[in-house]
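If you want the building blocks of each chain, they are given just below.
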Amino acid sequence: MLVGLAYRLQEFQISGGPGWIGSDRFDVEGKAGNPKADPDQVRLMLQSLLEDRFKLKLHRETKESSVYALVVGKDGPKIKLSSDQGPEINGPAPPGAGPNHGAMRFGAGSLTGNAVTLSLFARLLSQQLDRIILDKTNLTGRFDIQLHWTPGVGEVPYDPSGYTLPPSDSSGPSVLAAIQEQLGLRLESIKAPVEIVVIDSVEKPSGN
């Protein structure tokens, strides 16, 4: 999970390494020197931490893999452009509020996007489906998105902002059907090159 956060990868894109990397748990505390550091800067700091404390060494490869292509359905898109097409707002939203402009929130079987690009929608949805999703809609701009589906068994809500929506009604459609029915989009299974990282060596860290 830490390697995935540091390199913006999903866990299935990480291979190699000893068995304990997927079972042992660690408490990690860090503070950025710049309190206004953006997520990309924080990821670089986490990469440095992994290299320093875990002696992590890895290399990148590309392999052909099954992915989803997000495309427009035969009847056209049902999503609406947001009235505010301005840039996203960084930082966490207040507790109980909707997602920030340009951000998304997940619950178990529910998703809310506030003025999000479809490339962001595809990237975050891929973490729910455990498969890379490529935006092939050719739709530009920012969209307000609401999606509700029946969550899979054991589905854990993912929310980068740290706030989760309540679970949706379990009587709804599957996520693939919901995307087509509610958004006018669909997911096609295709083959495409996927980047992976291979862990060459890693060590358990010593205590502070």
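Quick caveat, the model's predicted, so the values are computed rather than measured. (Residues numbered from 1 in each chain as written. Predicted model: local features only at pLDDT ≥ 70, side-chain atom pairs only at ≥ 80, totals over all residues. Heavy atoms only, no water.)

### Some points on helix α2 (residues 39–53)
Move 1: If you check α2, its first and last C-alpha atoms are 21 Å apart, about what 15 residues at 1.5 Å a residue would give, namely 21 Å.
Move 2: Every buried residue belonging to α2 is among R43, L46, Q47 and L50, and all of these are buried. When α2 is viewed along its axis, its buried side chains cluster within an angular range of 105 degrees and face the same direction.
Move 3: Close packing links the buried residues of α2 with α1 (2–7).
Move 4: Sitting at the amino-terminal end of α2 is D38, which places a side-chain oxygen 3.1 Å from the backbone nitrogen of D40. (Helix = DSSP H or I, 4+ residues; strand = E, 2+ residues; numbered from the N terminus. Expected span 1.5 Å × (residues − 1). Buried < 20%, exposed > 50% of the residue type's maximum accessible area, 1.4 Å probe, protein only. Arc of directions from axis to C-beta. Contact = heavy atoms within 4.5 Å. Polar contact = N/O pair within 3.5 Å; in protein donor to acceptor, adjacent residues only side chain to side chain.)

### Some remarks on the confidence of the model for the protein
Move 1: Within the protein, residue pLDDT values average 84, and 85% of them lie at 70 or more.
Move 2: Here residues 156–168 is a poorly scored stretch, pLDDT under 50, and it has 38 contacts once near neighbours within four places are set aside; other chains count. (pLDDT = per-residue confidence, 0-100.)

### Focus on the pairing of strand β4 (residues 103–107)
Move 1: With 4 of its 5 residues buried, β4 lies for the most part within the structure.
Move 2: Two strands pair when backbone bridges link them, and β4 and strand β5 (residues 110–116) are joined in this way by 5 bridges, in the antiparallel orientation. Across the sheet, G107 pairs through a bridge with S110, a residue of β5. (Pairing = 2+ DSSP bridges.)

### As for the sheet that holds strand β8 (residues 185–201)
Move 1: Judged by pairing direction, the sheet is mixed, and its 4 strands sit side by side in the order β1-β8-β2-β6 without closing on themselves. With one partner strand each, in any of the chains shown, β1 (14–16) and β6 (133–135) form the two edges of the open sheet. Taking each pair of neighbouring strands and ignoring which way they run, the sheet shows an average axis angle of 35 degrees.
Move 2: Here helix α3 (residues 118–129) sits on the sheet in contact with β2 (57–72), β6 and β8, set at roughly 170 degrees to β6. (Axes fitted to C-alpha atoms, helices over the stretch in contact; angles between N-to-C directions.)

### Overview of unusual backbone geometry
Move 1: The phi angle at D130 is positive, at roughly 60 degrees, despite the residue not being glycine.
Move 2: Here D130 lies in the loop between α3 and β6.

### A few points about the side chain of R43
Move 1: Residue placement: R43 occurs in helix α2.
Move 2: Judged by relative accessible area, which is 17%, R43 ranks as buried.
Move 3: A distance of 2.5 Å separates a polar atom in the side chain of R43 from a polar atom in the side chain of D40.
Move 4: The contact partners of R43, leaving out residues within four places of it in the chain, are L5, A6 and R8.

### Looking at the packing of aromatic side chains
Move 1: Enumeration over the complete set of coordinates arrives at 2 aromatic pairs.
Move 2: Here the aromatic rings of W20 and F26 are separated by 6.1 Å at their centres, their planes lie at 70 degrees, and the arrangement is edge-to-face.
Move 3: Assessed through its relative accessible area of 33%, F26 is described here as partly exposed.
Move 4: Ring centres of F26 and F54 lie 5.2 Å apart, and the angle between their planes is 85 degrees; on these two criteria the pair is classed as edge-to-face. Separated by 28 residues along the polypeptide, F26 in the loop between β1 and α2 and F54 in the loop between α2 and β2 bring together distant segments of the chain.
Move 5: What makes F54 buried here is its relative accessible area of 8%.
Move 6: For the cation-ring pair, R131 lies above Y68, with the distance from its terminal atom to the ring centre recorded as 4.3 Å. (Phe/Tyr/Trp six-rings, centres within 6.5 Å; stacked < 30°, edge-to-face > 60°. Lys NZ or Arg CZ within 6 Å of the ring centre and 35° of its normal.)

### A word on the pairing of β5
Move 1: The element β5 is largely enclosed, with a buried count of 6 among its 7 residues.
Move 2: Where β5 meets strand β7 (residues 143–148), 5 bridges bridge the pair, whose relative direction is antiparallel. For S110, the partnering residue across the bridge sits in β7 and is H148.

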